[in-house]
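# Structure assessment
Now for the letters of each chain:
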Amino acid sequence: MISRVRSVAAFVWDFVVGDDWRTAVGVAAALGVTAIVAEAGGVAWWIMPVAAVGLLAASLWRAAG
Amino acid sequence: MSGADVGLALSVLAACAVEAVEALTIVLAVGSTRSWRSALSGAGAALLVLAVVTAALGPAVTALPLGVLRVVVGGLLLVFGLQWLRKAILRASGLKALHDEAAAFEAEQAAARGATGVPAEGLDAYSFTVAFKGVLLEGLEVVFIVLTFGANQHNIPLAAAAAAVAVLGVGLAGVAAHAPLARVPENTLKFGVGVMLTSFGIFWGGEGAGAHWPGGDAALLAIVPATLVCALGMVRALRRGGTGRTAVRA
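A brief look at the structure comes next. (Residues numbered from 1 in each chain as written. Chains lettered and ligands numbered in written order. Predicted model: local features only at pLDDT ≥ 70, side-chain atom pairs only at ≥ 80, totals over all residues. Heavy atoms only, no water.)

### Side note on the overall build of chain B
The condition is simple: For helices the rule is a DSSP run of H or I covering at least 4 residues; for strands it is a run of E covering at least 2, with both sets numbered from the N terminus onward. Here the globule rule reads 2.2 Å times residues to the power 0.38, and the radius of gyration is calculated from C-alpha atoms. We call two residues in contact when some of their heavy atoms are within 4.5 Å. In this tally Asp and Glu are treated as negative and Lys and Arg as positive; neither His nor the chain ends contributes. The atoms used to mark charge sites are NZ of Lys, CZ of Arg, CG of Asp and CD of Glu.
A tally of helices and strands in chain B yields eight helices and zero strands. Secondary structure elements of chain B occur, N-terminal to C-terminal, as α-α-α-α-α-α-α-α. For 250 residues, the compact-globule estimate of 2.2 N^0.38 gives 18 Å, and the C-alpha radius of gyration of chain B, at 20 Å, lies within 12% of that figure. Seen through its principal axes, chain B has C-alpha atoms that stretch 65 × 50 × 25 Å. Within chain B, counting contacts between residues at least 6 apart in sequence, those at least 24 apart form 85% of the total. Averaging the coordinates of the 16 positive side-chain charges in chain B and doing the same for the 14 negative ones gives two points 10 Å apart.

### Observations regarding the interface of chain A and chain B
Often, the extent of an interface is quoted as the loss of accessible area upon association of its parts. Just so we agree on the cut-off: A simple way to read buried area is as the amount of 1.4 Å-probe accessible surface that goes missing from two parts once joined, with both sides added. Here, a salt bridge means any side-chain nitrogen of Lys or Arg that lies within 4 Å of a carboxyl oxygen of Asp or Glu.
Opposite the 28 residues of chain A that make contact, chain B presents 33 residues. A combined buried area of about 2500 Å² lies between chain A and chain B, and 80% of that area is made up of carbon and sulfur atoms. A per-residue breakdown of the area chain A buries against chain B is headed by Phe15(A), Leu56(A) and Leu60(A), which together make up 24% of the total. The interface formed by chain A and chain B includes zero salt bridges.

### A look at the packing of aromatic side chains
For the record, the criterion: Two aromatic rings from Phe, Tyr or Trp, using only the six-membered ring of Trp, form a pair when their centres are within 6.5 Å; if the ring planes differ by under 30 degrees the pair is stacked, by over 60 it is edge-to-face, and anything between is tilted. Whether a residue is buried, partly exposed or exposed follows from its accessible area with a 1.4 Å probe, protein chains only, as a fraction of its type maximum: under 20%, in between, or over 50%, in that order.
Counting across every chain of the model gives seven aromatic pairs over all chains. Seen in terms of ring centroids, Phe80(B) and Phe144(B) are 4.5 Å apart; in terms of plane orientation they differ by 50°. Their pairing is tilted. Placement of the pair is Phe80(B) in helix H3 (residues 66-92) and Phe144(B) in helix H5 (residues 125-152), with a sequence separation of 64 residues. Between the aromatic rings of Phe128(B) and Phe132(B), the centroid separation amounts to 6.2 Å while the plane-to-plane angle is 5°, which identifies the pairing as stacked. In this pair, Phe128(B) and Phe132(B) both sit in helix H5, four residues apart, roughly one turn of the helix. The class of Phe128(B) is partly exposed, set by a relative accessible area of 27%. Residue classification places Phe132(B) among the partly exposed positions, given a relative accessible area of 22%. Here the aromatic residues Trp45(A), Phe203(B) and Trp213(B) are joined through ring pairs into a cluster of three or more.

### Looking at the packing of H5(B) against helix H7 (residues 186-208) of chain B
Residue and element names in this part refer to chain B. Inclusion rule: To obtain each axis, a line is fitted to C-alpha atoms, and for helices this fit is confined to the stretch in contact; angles are then taken between N-to-C directions over 0 to 180 degrees. Throughout, the term roughly parallel applies to angles under 35 degrees, roughly antiparallel to angles over 145, roughly perpendicular to angles from 65 to 115, and oblique to all others. Crossings are sorted by hand: turned counterclockwise from the far helix by less than a right angle, the near helix makes the crossing left-handed, and turned clockwise it makes it right-handed. Three categories are distinguished: nonpolar for Ala, Val, Leu, Ile, Met, Phe, Trp, Tyr, Cys and Pro, charged for Asp, Glu, Lys and Arg, and polar for the others, with Gly belonging to the last.
Following both chains from N to C, one finds H5 and H7 inclined at 40°, their axes separated by 12 Å at the closest point. As judged from the angle between their axes, H5 and H7 are oblique. Crossing of H5 over H7 shows left-handed handedness. Of the residues in H7, those in contact with Ile 145, Thr 148, Phe 149 and Asn 152 of H5 are Met 196, Leu 197, Phe 200 and Trp 204. Among the residues making up the contact of H5 with H7, the classes are represented as six nonpolar, two polar and no charged.

So, in structure tokens, the structure goes:
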């Protein structure tokens, strides 16, 4: 039973997070920063595009060695 | 139909076509090598499970408040899109082998031949299981894309219809060709889907977190091409710096 739960959890992790967990953490952080800046009344729309490009570039950099 | 609806339909259509081509290869390989009846039964059972999952999760997802839906789904879509785009860029730059449907078909056939013998009567467990797992795993990505795109755009029926058209089209093409659809430009389609998933993830994630896009929904008309240009720029940069690098497994 425990091994089944583990394999389901591993599948969900692999399905959602994939090869690079740092990208998933980065996306969560970018959403948090966007929410904080927007809540404070600042201009927040640029944060997600900049974060996406940065996270993709960093992930590719790591993969390409 | 709005521009966002067109984007939704095209993204779902392309994503589903790619996944359907991969699932078709598996079903064709085990069906032609071992048992058509068992492979088709496995594929049918998986489609049934996917339909149940969609019917169960669809109302639950659409019941979420829009702000929560957009930040959660936008974030997931962005993580998912960045994964697709990363693989597509590595493939386009030559750092990862292109997905080859003919090679996948041969490998699947070789594995099917090497498995235990086909029973004289009744279902062949190997063919059923391989086809079931193949269709289910490829199909789960389709369900995810249909639900996230459809729910955010308040148009799950359009997303589901685009998915059905793609699956039906690929299925009919497979029946007609009776071979893996190696000519489908899978790698290019995956690149395009990665760009769309990433763009919609940026848009919905940002909006859900409270950002206000200049121009509202029209901002997508800038985000999609900008994402495409950035991705192509990364392909170019990796190709230029790729000399002496070894292929990656990521």
